[in-house]
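# Topology and contacts: notes
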Amino acid sequence: MMTKVKTQGLVTDLMPCIRLLQAAGHFLFNYHADTSGMNMLLRKIYSSAHAVLIVVHYICMGINMAQYKDEVNELTANTITVLFFAHSIIKLAFFAFNSKSFYRTLAVWNQSNSHPLFTESDARYHQISLSKMRRLLYFICGMTVFSVISWVTLTFFGESVRMIASKETNETLTEPAPRLPLKAWYPFKTMSGGGYVFAFIYQIYFLLFSMALANLLDVIFCSWLIFACEQLQHLKAIMKPLMELSAALDTYRPNTAELFRVSSTDKTEKVPDAVDMDIRGIYSTQQDFGMTLRGAGGKLQNFNAENNPNGLTAKQEMLARSAIKYWVERHKHVVRLVASIGDTYGTALLFHMLVSTITLTLLAYQATKINGINVYAFSTIGYLVYTLGQVFHFCIFGNRLIEESSSVMEAAYSCQWYDGSEEAKTFVQIVCQQCQKAMTISGAKFFNVSLDLFASVLGAVVTYFMVLIQLK
Amino acid sequence: MKMLIQKVKEKLSPIFPYGVLESWDDLDPKLYHAVHIFWLKFYGLWYNNYPKKSIKFWLNMMYTLLVLWLVCFFPGIGEVVYLLKRRDNIGDVAEGLYLFLSEMYTYFKVLVFWLNKDKVISLQKFLHCKEFKPKEPEHKEIIRKSIRKARFVMTSYATMCVGAVSVGIILPLTENFDILPTNVEYPFFDVYKNPTYAYLYLHHIYYKPATCIIDGVMDTILAAFVASAIGQIEILAFNLRNFDVLAERRRKRAISDNKYIGKYTNLYFTKRILKECILLHNSIIRYVSVIESAFSLASALQFMLSVMVLCLIGIQFLSIENPTSHPMQMVWMAIYLTCMLIEVFILCWFGNELIWKSNDLRQAAFDGPWRNLNRKTCMFIIIFMERCKRPMRLSAGKIFTLSLDTYTVLINWAYKAFAVMRNMKK
């Protein structure tokens, strides 16, 4: 029914995640093969229907919170639930308003440069990043489904009551409430019968889809970071052959023929079929290497073999000289990708951290009231672990990006640059200076996404807990 | 007469650590760890390198198990039983817990040490690599100083701990033989009846110094590796500051060895020296990363445990009733607290030294006579200085860096936890 849509670059790699996002109801209307008016209209109606259902249920939960605000414990618990699902609403709206910049980031890697000697390494790291992205997607999907199942299971334990503050005697009474996963106001009776079943199914739908909405968008963000990190690994890996190539131009080196052999078979990796290997000549686009055989640029004009101590042919000399350019252009491309990721997702991260901070403060207060192993303890600890897990998820990938980008300098230093040419030494110096400052993703310039952020969040929660337990 | 002294030294050398009786002239890298390995072998806790089928392997294994039973499991069981009998009162449990935790943690460190056997052995081999060999007399002096520092830290820390523990051992004397040095209880016999009490007292006199020494070795072995890295960094700094002098010496040596063919100019030797500096720098960077991978986990857990133990000691300090009538208790607490503080301080101080010395390398490169070099040769110094903008640091479990800043943070957290627990006790 749907013909295969022709995609390239990041969209091909992230297609499963994109399809899941479309299924969950995000307003993502690109990347379909069939863009006829009827189908687009159907898709828009599908997404809008999901959005309406989720927002309506969220408002019902808000009404419930306003109704029972007199009793402190009830108010705190309801506020935590409302804040928990605020993530999904915010991310849904954020994507809807920012979809252009998402499309732009997904298109950043559509055209990438290539060099015949380094395609094997490129392909290998691309495969590694693909498998990591898949694994992350499966893990997050699994965790989402597990959370929904455990939430629904926990509903059936414990007593299903809500706390009311009696105005006359000023003590808390309990009043029976419907045994549903979430406390919400419905215009129909939900204690038993048809209304109860309908509300239960609606809530399971709401739980699954809202958690999926929030988590899948985080998965896209982390997958982008995985891709950027593997590109940096590729750049670090080709540093050593690059130095040897550059040394081969100036000084006599034995076995220079080895350097120029493009290995076509590799037992450990599968060559991906999507790579378009243009071997029309020495390089993929003549413009890419900025030089033509017609003699542009003074120093590249003499291609005679007598100047070269290793007897390289003209073609091999061209390959050697263009290797550094390939490296630098690829590095600049990665920097553009990371900048685009930061622009696209930074604000969403800021909102996420704001909401999470308030949620965690309230959860620290709830945690001081745990008095045994019961439903209350499990649900509080469940909320805590889930919220901290969400923050940890993007902090760890942000931290990996910082580490990878700053270790490029160490890789440049540890290869044998001292035997290379003057051009190679200048290259190493500039790389070292550039990579002093690591590439970071910032949450709209307020904070940097790294493990330090997670440690400070964790430290803050522990501090609030210690203080609140004193006040008890 | 000299022959007699020589013979006596040879006879006595197995019972002392390597380097006590032998001369240090060859500056063998195993001098750094000789004291540590000697004590580990004494308690049977060093790696069992005999082939599996030989008698020596099994004898060694039996000895190790015997020592572990005497110093780890037997007292551990006693302490656990003692604490379980008092588990209704959280305050009492907290007080007895600090000793149990720090003793058990020593054996946890030994376990991690055994698990990291390959890395530690490869670290020792790394020290013998050719870049680390001293080539000039000044190098030898620097290495001698760093060996002295590594051995001094081990012996002084172990002596201090054993001294502290002897105060604990003397405690029963002042309390009229009412209590044992460590509070233990066993399920099958009464520890305060006379013959059992005497045997247990003797056992405690054996096991407490043993635990202290093993703990000292585990802490200071990391410090010894870092001290060797710092020694090499100092050699590198010396080379950078004096590369012209070294190039001249190299040229003269080549002439005297008849290797000087005449077409090698001074520039050639200068380039050789600078290239060797870069190679040494790369080796030191690799060495530090191997140290980090071998000891990172143990250091991270050490830090977290020290925070807990420090605040438990604080609680215990406050809960001694009638301080004036139990002066020995107060002294014991104070000494134990000092030992714990110094234990973490040693790790953080050496980590901090590493950071500072590697920052000093940039200054050393600038101090050298680079004005006389041509631009092409200066590239070596330029790229070297770029690399030195990021100093070498040791991290514990990727979360903490070993430095004095971390030490301040840890003491801070220990105090916060102590304040909270004190309020909860009330």
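None of these values were measured; they are calculated from a predicted model.

What counts and what doesn't
- Residues numbered from 1 in each chain as written.
- Chains lettered and ligands numbered in written order.
- Predicted model: local features only at pLDDT ≥ 70, side-chain atom pairs only at ≥ 80, totals over all residues.
- Heavy atoms only, no water.
- Helix = DSSP H or I, 4+ residues; strand = E, 2+ residues; numbered from the N terminus.
- Buried < 20%, exposed > 50% of the residue type's maximum accessible area, 1.4 Å probe, protein only.
- Contact = heavy atoms within 4.5 Å.
- Areas by Shrake-Rupley, 256 points an atom, 1.4 Å probe, with all protein chains shown as cover.
- Polar contact = N/O pair within 3.5 Å; in protein donor to acceptor, adjacent residues only side chain to side chain.
- UniProt positions renumbered as here; feature names shortened; annotations may be inferred.
- Buried area = accessible area lost by both parts, 1.4 Å probe.
- Axes fitted to C-alpha atoms, helices over the stretch in contact; angles between N-to-C directions.
- Parallel < 35°, antiparallel > 145°, perpendicular 65-115°, else oblique.
- Nonpolar A, V, L, I, M, F, W, Y, C, P; charged D, E, K, R; others polar.
- pLDDT = per-residue confidence, 0-100.
- Patch = residues over 30% accessible without salt bridge, like charges linked within 9 Å, V, L, I, M, F, W, Y side chains within 5 Å.
- Salt bridge = Lys/Arg side-chain N within 4 Å of Asp/Glu carboxyl O.
- 1 Å grid on protein atoms, 1.4 Å probe; cavity = no way out; pocket = protein on both sides within 12 Å on 5 of 7 lines; lining within 4 Å.
- Points joined across faces, edges and corners; volume = space filled by probe spheres on them.
- Pairing = 2+ DSSP bridges.
- Expected span 1.5 Å × (residues − 1).
- Bend = angle between axes of the 7 residues up to and from the residue.
- Phe/Tyr/Trp six-rings, centres within 6.5 Å; stacked < 30°, edge-to-face > 60°.
- Lys NZ or Arg CZ within 6 Å of the ring centre and 35° of its normal.
- Left-handed = near helix turned anticlockwise from the far one by under 90°.

Here we take up the overall build of chain A. Check the secondary structure of chain A and you find 13 helices and two strands. Looking at chain A residue by residue over its 472 residues, the buried ones come to 49%. The long-range fraction of contacts in chain A, counting pairs at least 24 apart against all pairs at least 6 apart in sequence, stands at 79%. Of the roughly 23300 Å² of accessible surface on chain A, a fraction of 62% belongs to carbon and sulfur atoms.

Residue and element names in this part refer to chain A. Structurally, the position occupied by His352 is in helix H10 (residues 314–367). Of the polar contacts made by the side chain of His352, one reaches the side chain of Lys91; its length is 2.8 Å. In this structure, His352 is in contact with His87, Lys91, Asp218, Gln390, Val391 and Phe394, ignoring residues within four places of it in sequence.

It is worth spelling out the UniProt feature "transmembrane region" (unreviewed entry) in chain A at this point. All names here are of chain A. Look at the UniProt record and you will see "transmembrane region" (unreviewed entry) annotated at residues 45–65, 77–97, 136–157, 196–229, 373–397 and 446–469. Strand forms 0% of residues 77–97 and helix 100%; the C-alpha atoms that close the span are 31 Å apart. Along residues 446–469 the backbone is 79% helical and 0% strand, and the end-to-end C-alpha distance reaches 31 Å.

A word on the interface of chain A and chain B. Residue-level contacts link 24 residues of chain A with 20 residues of chain B. Buried surface at the junction of chain A and chain B, summed over both partners, amounts to about 2100 Å²; 63% is from carbon and sulfur atoms. Area buried by chain A at its contact with chain B is led by Tyr413, Tyr418 and Gln470 of chain A, which between them contribute 31% of it. Put simply, chain A and chain B have eight residue pairs in polar contact (both at pLDDT 80 or more) between them.

Right, let's get into the packing of helix H2 (residues 15–24) of chain A against helix H5 (residues 119–155) of chain A. Residues and elements named next belong to chain A. One way to put it is that H2 packs onto H5 with a least axis distance of 10 Å and a crossing angle of 30°. Judged by the angle between their axes, H2 and H5 are roughly parallel. The segment H2 lies against H5, with Pro16, Cys17 and Leu20 engaging Arg134, Leu137 and Cys141. Partitioned by chemical class, the residues of the contact of H2 with H5 number five nonpolar, no polar and one charged.

Looking at chain A, the pLDDT average stands at 84 and 89% of residues meet or exceed 70. When mean pLDDT is compared element by element in chain A, H5 of chain A scores highest at 95, while helix H9 (residues 286–289) of chain A scores lowest at 42.

Before going further, it helps to examine a nonpolar patch on the surface. Taken together, the side chains of Met1, Leu4, Ile5, Val8, Leu12, Ile15, Phe16 and Val20 of chain B present a nonpolar region at the surface, about 780 Å² in accessible area. Topologically, Val20 of chain B is positioned in the loop between helix H1 (2–12) and helix H2 (34–42).

Bringing empty space enclosed by the protein into the picture now. All names here are of chain B. Counting across every chain of the model gives twelve cavities of 30 Å³ or more. Taken as a whole, the largest cavity spans an internal volume of roughly 240 Å³. Residue lining of the largest cavity: 17 residues in total, with Ser102, Val165, Cys212, Asp215 and Tyr336 positioned closest to the centre. Sorting the residues of the lining of the largest cavity by element identifies helix H4 (90–115), helix H6 (137–174), helix H7 (194–241) and helix H10 (327–367) as the ones contributing at least two each. When its residues are assigned to classes, the lining of the largest cavity shows ten nonpolar, three polar and four charged. What lines the second largest cavity is a set of 14 residues, and nearest its centre among them are Lys109, Met218, Phe295, Ala298 and Ser299. If you list the elements that add at least two residues to the lining of the second largest cavity, you get H4, H7 and helix H9 (266–318). Ranked by the residues each element gives to the lining of the second largest cavity, the list is headed by H9, at five residues.

Annotation from UniProt places "transmembrane region" (unreviewed entry) at residues 62–84, 96–115, 152–173, 221–243, 294–318 and 330–352 of chain B. The straight-line gap between the two end C-alpha atoms of residues 330–352 of chain B is 32 Å; of that span, 100% is helix and 0% is strand.

Residues and elements named next belong to chain A. Across five bridges, the pairing between strand S1 (residues 161–165) and strand S2 (residues 172–176) is antiparallel. The residue of S2 that forms the bridge with Val161 is Pro176. Connecting S1 to the next strand, S2, in antiparallel fashion are six residues, including Asn170 with a positive phi near 60°.

To continue, consider helix H11 (residues 375–414) of chain A. With 40 residues, H11 of chain A should cover 58 Å at 1.5 Å per step; its first-to-last C-alpha distance of 56 Å lies within 8% of that length. The largest bend in H11 of chain A is about 30°, located at Val408 of chain A.

Across all of its chains, the model carries 54 aromatic pairs over all chains by this definition. Note on Phe126 of chain B and Tyr287 of chain B: the rings are 5.3 Å apart at their centroids and 40° apart in plane angle, and the pair reads as tilted. Note that Phe126 of chain B is positioned in helix H5 (residues 117–126) and Tyr287 of chain B in helix H9, a separation of 161 residues in sequence. As far as burial versus exposure is concerned, Phe126 of chain B and Tyr287 of chain B are alike and both buried. Aromatic pair Phe132 of chain B and Tyr287 of chain B: ring centres 5.5 Å apart, planes at 80°, arrangement edge-to-face. Here the residue Phe132 of chain B occupies a position in the loop between H5 and H6, and Tyr287 of chain B occupies one in helix H9, the gap between them amounting to 155 residues. Classification of Phe132 of chain B as buried rests on a relative accessible area of 3%. Through successive ring pairs, a cluster of aromatic residues spans Phe84, Phe85, Trp151, Phe206, Tyr383 and Tyr386 of chain A. Positioned over the ring face of Phe29 of chain A is Lys44 of chain A, at 5.5 Å from the centre of the ring.

Residue placement: Ser322 of chain A occurs in helix H10. A C-alpha to C-alpha distance of 8.2 Å links Ser322 of chain A and His115 of chain A, two positions 207 residues apart in sequence.

Moving on: the packing of helix H3 (residues 55–85) of chain B against H7 of chain B. All names here are of chain B. At a closest axis distance of 10 Å, the pairing of H3 and H7 adopts a crossing angle of 110°. Relative to H7, the element H3 is oriented roughly perpendicular. Where H3 crosses over H7, the two elements pack in a sense that is left-handed. Of the residues in H7, those in contact with Val67, Leu70, Val71, Phe74, Pro75 and Glu79 of H3 are Leu200, His203, Tyr206, Tyr207, Ala210 and Thr211.

This paragraph deals with the side chain of Asp219 of chain B. All names here are of chain B. Tracing the backbone shows Asp219 in helix H7. For Asp219, a relative accessible area of 4% corresponds to the buried category. In this structure Asp219 touches Lys109, Tyr157, Gln302, Glu343 and Leu347, once residues within four positions along its chain are discounted.

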